[in-house]
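# Structural description and commentary
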Amino acid sequence: MASVSRLQDARRLVIKVGSALVVGEAGAADRAWLAAFAADAAHLRGRGQQVLVVSSGAVAIGRRRLGLTRRALTLAEKQAAAAAGQSALMRAWEEAFEPHGLRVAQVLLTRDDTEVRRRWLNARATVDTLLSLGVIPVVNENDTVVTEEIRYGDNDRLAARVAQMIGADALVLLSDVDGLYTADPRNDPTARHLPRISRLTREIEAMAGGANAGAGVGTGGMTTKLAAARIAQSAGCATIITLGRRPSPLAALEAGARATVIEPSVTPAAAYKAWIAGSLAPAGALTVDAGAATALKRGKSLLAAGVCGVEGRFDKGDAVLVRDEAGHEIARGLVRYEAADAERICGLRSDAIEGALGYTSGPMIHADDLAPAAAHPEETGA
Ligand code: GLU
């Protein structure tokens, strides 16, 4: 079954847990559900899979804590509730994972953190570090500080952006429906469940936008789930939509529980390189010597030692062209130093960078952030 193998084969999983699952009847964290979920996630971790949780629930828990339950909240009250609820939410997650010897870490993001490249690189480095330390990052939107215009508003899309940011290969959206149907199964007996979708066609979007749009509590109905799936698909990540409201939803999924899988259209690495190669306007250029040019072709990082020229005014994290000494573009990549610093460390060995700048960000461009020119021949004008 597509959903079982997508879950089992994933190296990195992002699992989105909605407020309706995390928060129990009394407006406090549902500890029994969280404990069962943590056991599920610990099982995945135990066999070497990296797990990141995107958890809602801060506003729902916080409004109860602050006694704001009688009427709809103003924006400021919602943000206050998020502040009060987030700490309780994290405590509940900590307690849930503790019996499994797993530590959690709170990561609060705003839309800019997943869209502005420099912040994106910082957030990615942090999350990568947490994952490699064996910690379970628990991500939520930083509701307390974001304003209406710049917020995601729903954690489905936030989860998809996070999946894209960390190159996850599976995004599990735990929902109050067990996947996507051709019509609303609650009132249409002819509704058919769709186990596997390889292309998000207009027809499929229409199904979600029509009778199914209202399905789903919280902020995200089927429409936001499909928007999330679309982001994930083009980032090389499979989306699995399944029922969350049962004790061990991941174990159930693995045992073959009903789900809809939206297949990715590429691999995460290819998607990321295509993004670097094609969708970013280069802010400058680095000229490299012959040794570095050969190393790049072999998939190595670009070290400062191999850079002999810096052009343009770029910031750390910007996309730059990489040229050989003859001026031919050989790659594009995300540079780790701003232009002035790049110029200062040009030609320096890696162990001399700290002395020159007072800090080091590693190679000029890391191999993961480099797309060879062959990946975008149409862009080079050649
Ligand atoms: N970030 C919100 C919260 O924690 C939830 C957003 C959502 O449910 O999609 O309360």
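Quantities reported herein were computed from a predicted structural model and do not represent experimental measurements.

The helix and strand inventory of the protein chain stands at 16 helices and 15 strands. Over its C-alpha atoms the protein chain spans a radius of gyration of 23 Å, differing by no more than 12% from the 21 Å that the globule rule assigns to 382 residues. Counting only C-alpha atoms, the protein chain reaches 65 × 45 × 40 Å along its principal axes. Expressed as a percentage of its 382 residues, the buried residues of the protein chain come to 52%. In the protein chain, once contacts between residues fewer than 6 apart in sequence are set aside, the share between residues at least 24 apart is 73%. Approximately 16700 Å² of the protein chain is accessible, and the part contributed by carbon and sulfur atoms is 51%. In the protein chain, which carries 44 positive and 43 negative side-chain charges, the distance between the mean positions of the two groups comes to 3 Å.

Now for helix α3 (residues 31–46). A rise of 1.5 Å per residue sets the reference length of α3, with its 16 residues, at 22 Å; its end C-alpha atoms lie 22 Å apart and thus fit the reference within 8%. Taken residue by residue, α3 has Trp33, Leu34, Ala36, Phe37, Ala38, Asp40, Ala41, Ala42, Leu44 and Arg45 as its buried positions. Once α3 finishes, Gly48 follows within two positions and takes phi at roughly 95°, a positive value.

With that out of the way, let us pick up the pairing of strand β9 (residues 238–243). The element β9 is extensively covered by neighbouring structure, given that five of its six residues are classed as buried. As judged from the six bridges shared by strand β5 (residues 170–175) and β9, these two strands associate in the parallel manner. Each bridged residue has a counterpart across the sheet, and for Leu171 the counterpart in β9 is Thr239.

Moving on, we get to the pairing of strand β14 (residues 329–334). Side chains on a regular strand alternate between the two faces of the sheet. Of all six residues in β14, six are buried, a share of seventy percent or more. As defined by bridge partners, strand β13 (residues 319–323) adjoins β14 across five bridges and the pair is classed as antiparallel. Bridge assignment links Val320 to a residue of β14, and that residue is Gly333. Connecting the antiparallel pair β13 and β14 is a turn made up of five residues, with Gly327 showing a positive phi of about 90°.

Let us look at the nonpolar core. The biggest cluster of nonpolar side chains holds 47 residues, and the ones touching the most others in it are Val14, Leu52, Leu109, Val139, Ile166 and Leu171. Every element with two or more residues in this core is listed here: β2 (50–55), β3 (104–109), α7 (117–132), α8 (155–165), β5, α9 (202–209), α10 (222–234) and α12 (268–278). Once you skip the residues sitting within four places of it in the chain, Leu109 turns out to touch Thr114, Ala123, Val139, Asn140, Glu141, Asn142, Leu158, Val162 and Met165. Grouped together as the second largest cluster of nonpolar side chains are 41 residues, Ala29, Phe37, Leu253 and Ala259 included.

The next thing to look at is the sheet that holds strand β11 (residues 284–288). Taken in spatial order, the five strands line up as β12-β11-β13-β14-β15 in an open sheet, and their pairing is mixed. Of all strands in the sheet, those bounded by a partner on one side alone are β12 (307–312) and β15 (370–372). Looking at each pair of strands side by side, their axes are set apart by 25° on average, direction ignored. Of the strand pairs in this sheet, β11 and β12 are connected by five bridges, and their pairing is antiparallel. Paired with Val288 across the two strands is Val307, which belongs to β12. Relative to the sheet, α12 contacts β14 and β15, its axis offset from that of β14 by approximately 110°.

Further remarks concern the side chain of Thr242. When you line up the elements, Thr242 lands in strand β9. A distance of 2.9 Å separates the side chain of Thr242 from the backbone oxygen of Arg258, its partner in a polar contact. Ignoring any residue separated from it by four or fewer positions in sequence, one finds Thr242 in contact with Leu173, Leu174, Ser175, Val177, Asp178, Leu253, Arg258 and Ala259.

Quick notes on the rules
- Residues numbered from 1 in each chain as written.
- Predicted model: local features only at pLDDT ≥ 70, side-chain atom pairs only at ≥ 80, totals over all residues.
- Heavy atoms only, no water.
- Helix = DSSP H or I, 4+ residues; strand = E, 2+ residues; numbered from the N terminus.
- Rg over C-alpha atoms; globule rule 2.2 N^0.38 Å.
- Buried < 20%, exposed > 50% of the residue type's maximum accessible area, 1.4 Å probe, protein only.
- Contact = heavy atoms within 4.5 Å.
- Areas by Shrake-Rupley, 256 points an atom, 1.4 Å probe, with all protein chains shown as cover.
- Lys, Arg positive; Asp, Glu negative; His and termini not counted.
- Charge placed at Lys NZ, Arg CZ, Asp CG, Glu CD.
- Expected span 1.5 Å × (residues − 1).
- Pairing = 2+ DSSP bridges.
- Core = buried A, V, L, I, M, F, W, Y, C linked by side-chain atoms within 4.5 Å.
- Axes fitted to C-alpha atoms, helices over the stretch in contact; angles between N-to-C directions.
- Polar contact = N/O pair within 3.5 Å; in protein donor to acceptor, adjacent residues only side chain to side chain.

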